[in-house]
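Residue-level structure breakdown
So the chains spell out like this:
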Amino acid sequence: MFFGRWKMKPVNRNHRRKGSDCEITRETSSSQTTENTSQKNHNTRKRNKNKLYSIAHSDLLGRYLTANKNITAGEIIIEKDEPLVIGPVQQSQLLCLGCYVIINNVNDYRCTKCNWPMCSSSCSGLYKRTGHDVGECKILAEISFDGEMQRDVINVYNFIVPLRCLLLKRSSQSKWNTLLSMESHNNIRRSIKNIWNLNTKTVVEKLQKYFDPDEIHTVCGILEVNCFEVTKDELSLRALFPLAFLLSHNCVPNTIHTNDEHFQLKVRASVDIPKGEPITISYAYTLHGTVKRRAHIKETKFFDCTCDRCADPTELGTNNSTITCPKCNHASLVSCSPLIEDTRWICKYRKCSGFSVSDSYVQDLIEKLESELKLISDDDVETFEIWLKRAASNLHENHYLILGVKYTLSLLYGKTQGYMIHEMNEDLLRRKVTICEDILKVADIIEPGLSRLRGIILYELHAPLMMLTTQKFKSQNVSKKQLKHSLQKIIQYLKEACTIMEFESEATTEGQIAQAARQALDATYEWEKTLGKLT
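Every value quoted in this text rests on a predicted model; they were computed, and no experiment measured them.

**Comments concerning the environment of Ala 284**
In this fold, Ala 284 is placed in the loop between β10 (280-281) and α10 (290-301). Residues Ala 284 and Arg 294, 10 residues apart in the sequence, show an inter-C-alpha distance of 8.1 Å. Excluding residues that lie within four positions of it along the chain, Ala 284 makes contacts with His 249, Arg 293, His 296 and Ile 297.

**So, the packing of aromatic side chains**
Geometry of an aromatic ring pair is reported as the spacing of the ring centres plus the angle between the planes. This model, assessed by the stated rule, comprises 7 aromatic pairs. Here Tyr 100 and Phe 263 contribute two aromatic rings whose centre-to-centre distance is 6.0 Å and whose plane-to-plane angle is 80°, an arrangement assigned as edge-to-face. Here Tyr 100 is found in the loop between β4 (85-88) and α2 (134-140), whereas its partner Phe 263 is found in the loop between β8 (255-259) and β9 (265-269), with 163 residues between them in sequence. Each member of the pair Tyr 100 and Phe 263 is classed as buried. Pairing Tyr 413 with Tyr 419 gives two aromatic rings, centres 5.7 Å apart and planes at 75°, and the pair type is edge-to-face. On the accessibility criterion, Tyr 419 (15% relative accessible area) is buried. Taken together through their ring pairs, the aromatic side chains of Trp 116, Tyr 157 and Phe 159 make up a single cluster. We note Lys 301 situated over the ring of Tyr 283; from NZ or CZ to the ring centre the distance is 5.6 Å.

**Let's talk about the sheet that holds strand β6 (residues 235-240)**
Sheet architecture is open: 3 strands sit in the order β4-β6-β5, paired in antiparallel fashion. A strand with exactly one partner marks an edge of an open sheet, and here the two such strands are β4 and β5 (228-232). Going from strand to strand, the sheet's axes swing by 40° on average, the running direction of each strand aside. Alignment of β5 against β6, held across 5 bridges, turns out to be antiparallel. Note that in β6 the partner of Thr 231 across the bridge is Ser 236. Along the sheet, helix α5 (residues 160-171) contacts β4 and β6; its crossing angle with β4, the most-contacted strand, is approximately 160°. Packed on one face of the sheet, helix α9 (residues 213-226) meets β5 and β6 and runs near 115° to β6.

**Looking at the sheet that holds β8**
One open sheet accounts for 3 strands, arranged β3-β9-β8; its pairing is antiparallel. Each having just a single partner strand, β3 (76-81) and β8 make up the two edges of the open sheet. Here the strands of the sheet are splayed against their neighbours by 10° on average, with no regard to which way each runs. In this sheet, β9 lies alongside β8 in antiparallel orientation, the contact comprising 5 bridges. Counted as the bridge partner of Ile 256 is Arg 268 from β9.

**Side note on the pattern of salt bridges**
This model, assessed by the stated rule, comprises 24 salt bridges. Taking the shortest distance from any N to any O, the salt bridge between Glu 142 and Lys 209 comes out at 3.5 Å. Here Glu 142 is found in the loop between α2 and α3 (146-151), whereas its partner Lys 209 is found in the loop between α8 (193-207) and α9, with 67 residues between them in sequence. This pair shows no difference in class: Glu 142 is exposed, exactly as Lys 209 is. Residue Glu 215 is joined to Lys 169 by a salt bridge in which the shortest nitrogen-to-oxygen separation is 3.0 Å. In this pair, Glu 215 is assigned in helix α9 and Lys 169 in helix α5, connecting sequence segments 46 residues apart. A network of salt bridges, in which partner residues are shared, links Arg 293, Arg 309 and Glu 315.

**Overview of the environment of Phe 211**
Locating Phe 211 in the fold gives a position in the loop between α8 and α9. A sequence separation of 44 residues divides Phe 211 from Leu 167, and the C-alpha atoms of the two residues are 9.5 Å apart. Excluding anything up to four places from it in sequence, Phe 211 contacts Ile 139, Leu 163, Leu 166, Leu 167, Arg 170 and Ile 216.

**Details of the state of the cysteines**
Enumeration according to the criterion identifies 0 disulfides in this entry. Between Cys 96, a cysteine without a disulfide, and Cys 123, which holds the nearest cysteine sulfur, the sulfur-to-sulfur distance is 3.6 Å. Accessibility expressed as a relative area gives 0% for Cys 96, which makes it buried. In this model Cys 99 remains outside any disulfide bridge; the closest cysteine sulfur is found in Cys 119, 3.6 Å from its own.

**A look at the side chain of Asn 254**
Relative to the helices and strands, Asn 254 is located in the loop between β7 (248-249) and β8. Exposure remark for Asn 254: the relative accessible area of 10% places this residue in the buried category. For Asn 254, the side chain forms a polar contact with the main-chain nitrogen of Thr 280, separated by 2.8 Å. In contact with Asn 254, not counting residues within four places along its chain, are Arg 268, Ala 269, Ser 270, Val 271, Ile 273, Pro 278, Ile 279 and Thr 280.

**Some details on helix α17 (residues 480-501)**
Compared with an ideal rise of 1.5 Å per residue, which puts 22 residues at 32 Å, α17 spans 31 Å between its outermost C-alpha atoms and is within 8% of the ideal. All of the buried residues along α17 are Leu 483, Leu 487, Ile 490, Ile 491, Tyr 493, Leu 494, Ala 497, Cys 498, Ile 500 and Met 501.

**Description of the confidence of the model for the chain**
Summarising the model, the chain shows a mean pLDDT of 87, and 89% of its residues fall at 70 or more. Residue range residues 1-48 is modelled with pLDDT below 50. Its contacts to residues more than four positions away, or to other chains, number 36 contacts.

About the cut-offs
Residues numbered from 1 in each chain as written. Predicted model: local features only at pLDDT ≥ 70, side-chain atom pairs only at ≥ 80, totals over all residues. Heavy atoms only, no water. Helix = DSSP H or I, 4+ residues; strand = E, 2+ residues; numbered from the N terminus. Contact = heavy atoms within 4.5 Å. Phe/Tyr/Trp six-rings, centres within 6.5 Å; stacked < 30°, edge-to-face > 60°. Buried < 20%, exposed > 50% of the residue type's maximum accessible area, 1.4 Å probe, protein only. Lys NZ or Arg CZ within 6 Å of the ring centre and 35° of its normal. Pairing = 2+ DSSP bridges. Axes fitted to C-alpha atoms, helices over the stretch in contact; angles between N-to-C directions. Salt bridge = Lys/Arg side-chain N within 4 Å of Asp/Glu carboxyl O. Disulfide = S-S within 2.5 Å. Polar contact = N/O pair within 3.5 Å; in protein donor to acceptor, adjacent residues only side chain to side chain. Expected span 1.5 Å × (residues − 1). pLDDT = per-residue confidence, 0-100.

Shown next, in the form of structure tokens:
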């Protein structure tokens, strides 16, 4: 990736500053110009000093962000990163190009100029920069898509965001230059036929009448490598950001990010970040094991992750990929060399004398267990629990497949028919507590600090604890001291959940959790006050 330092543009004495009380003209004295230039340089130095990040460069990472000073967990690193472009994900469902609401019928309403399906004539995103603008509308009016809408709707939206990128070349040269500074990995992508051919068929062939085919492929690559997933009312969209794309990857990230209703990205430190440390996000799902994470990163971002977690056979002691040895039946079989494909897996149990199996043995086992999971209904609590018991003989208790099922159960217990929180007996409540605590033990290592995963699980954990405390209180099977201790623990969990989720949009699941956590926290405070008045 090309690296260029941020530079002050020289003051042009012929330049007129719009909206200013004064103007810099040819008649401006040199002393005034020097004074203005000094003030401008001072202001720039002040802004740079206050920034929490700097842009660094290495041969391995290209350009990336580092901490400009010691950053404390919770500090906002990037306040409002406005998207260069935003739009539908690849293989999108039917949605409005203006405001991104779901469309149920392709013929409900069409744009009067381009005939593309929209929500209505009064769409809030009509002719807006982050929606269906004029330049896009003109080109869509010339592209035939009706037949594909009927037979191949999942691919018909693929060219929309590339088109929006290419239109920047006409509407904003600075934004276009920023976009072109992003990596496309064209040489690698060209060798991956399924990706290259899909882009050729669903994007390039649509737009080559208006833009150079090589340029279109480059834009496709830039999107694949640098896009962020953003949400609107639980719908996933993709966007490019002029600053956030510089965040480097780590399988144990030190930031969390969220977007507001205007799709502006906000990035916060999830843990303390020492000065000079890279500022990172994870390009893969952190609960997944090394093989799955590295495969996803290789397939979607076109590089091999070699972070500390990927390089460690035990994944920093979590055993997130460890399986049971078929010889000694101990959950101690780990990859010999996680950064090498098709490496052997060796048993670390001292009495097993280094017994090993092939990588294909392990992957066949994982594939079999994943196939079983796909057959389970999303809300089938009992079958998930049965699967966990069977899988326990093959996988470490912290294996990512087991953690994934436990995460699902942590959300189902208390919210699913037959398992509503007020219906659950003491055993089920304690089961939910155990599941949440199991997840937190691993999350504190692979997604530490103020992470979204921790926030969700802390909220889920408070509910069974509150029910257990309430039941004890009603049965008078708890002392005032024990009750106060339980309430303080619940308050601690809810306060942290609120802190983590406070910037989430209210329209998202996480935003709704934040609102519910605040209400639960207020109610718990009231109970604690009442308890203090009891004699």
